[in-house]
Amino acid sequence: MHTDVKLNGPAFIGDGTIIQSKGQIGPYTVIGHKTMIGKSVQIANSIVWNQVEIGDSSVISGSMLGDGTKIEPGVILLGGTICASKGSRGITSTGKRAGWSKSSLSADSSQLQEFWQVPSSV
């Protein structure tokens, strides 16, 4: 962890995880093993599993990122966003489901393949 990272626990950070400069790790955050967190990233109230890559200046709050997910620089994920492992489908708190063509998200939403209403049974 870089020396200027602000850590506001409780938080868990797994072995081999790298957090670059100016990061902020907020309370109630779990970060798995061998995860790479870029510069100026803010994470709070979230679960970030193993071998995740989060690009510079991204904001993750109230979300869960599955194993091997890649988040491109500048992405903002808020309020119940779930990115399933290996780029499987994710469900957001807005009641919509999104499919990604690969295990990454970028600030350019053109990577989203589709949106549709989640049935009430989900």
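Rules used in this analysis
- Residues numbered from 1 in each chain as written.
- Predicted model: local features only at pLDDT ≥ 70, side-chain atom pairs only at ≥ 80, totals over all residues.
- Heavy atoms only, no water.
- Pairing = 2+ DSSP bridges.
- Helix = DSSP H or I, 4+ residues; strand = E, 2+ residues; numbered from the N terminus.
- Contact = heavy atoms within 4.5 Å.
- Polar contact = N/O pair within 3.5 Å; in protein donor to acceptor, adjacent residues only side chain to side chain.

A. Just the sheet that holds strand 10 (residues 59–61), in detail. With parallel pairing, five strands are arranged side by side in an open sheet as 1-4-7-10-13. Looking at the sheet topology across the chains shown, the edges are occupied by strand 1 (6–7) and strand 13 (76–77). With two bridges connecting them, strand 1 and strand 4 (residues 24–25) associate as parallel partners. Across the sheet, the residue bridging to leucine 7 is isoleucine 25, located in strand 4.

B. Geometry of the environment of leucine 78. Along the chain, leucine 78 falls in the loop between strand 13 and strand 14 (82–83). Along the chain, leucine 78 and asparagine 45 lie 33 residues apart, while their C-alpha atoms are 9.9 Å from each other. Apart from residues lying up to four places away in sequence, leucine 78 is in contact with Val59, Ser61 and Ser63.

C. Representation of the side chain of serine 58 within the structure. Mapping serine 58 onto the fold places it in the loop between strand 9 (53–54) and strand 10. Reaching out from serine 58, the side chain makes a polar contact with the backbone oxygen of glycine 55 at a distance of 3.0 Å. Side-chain polar atoms of serine 58 contact the backbone nitrogen of glycine 74, separated by 3.3 Å. Not counting residues up to four positions away in its chain, the partners in contact with serine 58 are Ser40, Val41, Gln42, Ile71, Glu72, Pro73, Gly74 and Val75.

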